[in-house]
Amino acid sequence: MVKQLDQLIDQAESLLDSGDTRWSQGTANEANGEILANRLESAVTRLTMQGSVYIQQVQRRKGHTAYFRLRHNLQVAISLRDDLNSGWTETVVELVHADTYSDYLEMADGLLAKGYKDAAAVIAGTSLEVHVRALCVKNGVTTAVAGKPKKADTMNADLKKAGVYDGLRQKQLTTWMDLRNKAAHGNYADYDKDEVRQFIDGVQAFMMKYPA
């Protein structure tokens, strides 16, 4: 995330510091400035939560000239980059969730070590489903239809459609959810201890990469 912002920040600063003040409509500076302003806005939107103060800030200069939009969006991007470097964008809610999930996955890990692969798979799968639901809430994806909670597979597909993660990640979650369902429905011979080990490790890595 920081590398993406650094690249755009460098390009914007170079254009603004070029010393060329000809930013009238139709000039190369005006066109390049508009492109960079849009790219900065897109990056800030992509790298932050829906409704964040960063998104609110970049939207304040919509409709302004390319020069002022670029200067403004540059400052927002620098603020976001610095906050990312300092770890300040990790919300309290995310920290609480991380601690809770860590406890449950540690429990699953302990059960697996004692030979209880089926119970471990159920606990890891439940943790994954709860996290997927939290990711939906974080990213403005509905978690219910006609008053009924969505199934985990549906939320997984919706998160992919919303661009939270890609199709490969969606397929991986589908595989994990299938393993959890096998454990919950007593199909214990359809998977082994090594698969549960990979399941727990994978869910832990997923939660770290996509905090909620």
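What you see is a predicted model; the values in this text were computed from it and never measured. (Residues numbered from 1 in each chain as written. Predicted model: local features only at pLDDT ≥ 70, side-chain atom pairs only at ≥ 80, totals over all residues. Heavy atoms only, no water.)

**Side note on the overall build of the protein**
Turning to step 1, where the next piece is worked out: Within the protein one finds 9 helices and 2 strands.
Turning to step 2, where the next piece is worked out: Along the chain direction, N to C, the helices and strands of the protein fall in the order α-α-α-α-α-α-β-β-α-α-α.
Turning to step 3, where the next piece is worked out: The C-alpha atoms of the protein give a radius of gyration of 22 Å, which is well past the 17 Å a tight globule of 212 residues would have.
Turning to step 4, where the next piece is worked out: By principal-axis analysis of the C-alpha atoms, the protein measures approximately 70 × 40 × 25 Å.
Turning to step 5, where the next piece is worked out: For the protein, the residues scored as buried account for 37% of the 212 residues in total.
Turning to step 6, where the next piece is worked out: Considering only contacts within the protein whose residues lie at least 6 apart along the sequence, 64% involve residues at least 24 apart.
Turning to step 7, where the next piece is worked out: Here the protein has roughly 12,200 Å² of accessible surface; of this, 51% comes from carbon and sulfur atoms.
Turning to step 8, where the next piece is worked out: In the protein, which carries 26 positive and 27 negative side-chain charges, the distance between the mean positions of the two groups comes to 6 Å. (Helix = DSSP H or I, 4+ residues; strand = E, 2+ residues; numbered from the N terminus. Rg over C-alpha atoms; globule rule 2.2 N^0.38 Å. Buried < 20%, exposed > 50% of the residue type's maximum accessible area, 1.4 Å probe, protein only. Contact = heavy atoms within 4.5 Å. Areas by Shrake-Rupley, 256 points an atom, 1.4 Å probe, with all protein chains shown as cover. Lys, Arg positive; Asp, Glu negative; His and termini not counted. Charge placed at Lys NZ, Arg CZ, Asp CG, Glu CD.)

**Concerning helix α1 (residues 2-16)**
Turning to step 1, where the next piece is worked out: The end-to-end C-alpha distance of α1 is 21 Å, a good match for the 21 Å that 15 residues give at a rise of 1.5 Å each.
Turning to step 2, where the next piece is worked out: Regarding α1, the residues found buried are Leu5, Leu8, Ile9, Ala12 and Leu15. Within α1, the buried residues cover an arc of 130° as seen down the axis, which keeps them to one side. Those residues of α1 that are exposed and angled more than 90 degrees off the buried face are Lys3 and Ser14.
Turning to step 3, where the next piece is worked out: Against the buried residues of α1 lie α2 (28-47) and α4 (66-86). (Expected span 1.5 Å × (residues − 1). Arc of directions from axis to C-beta.)

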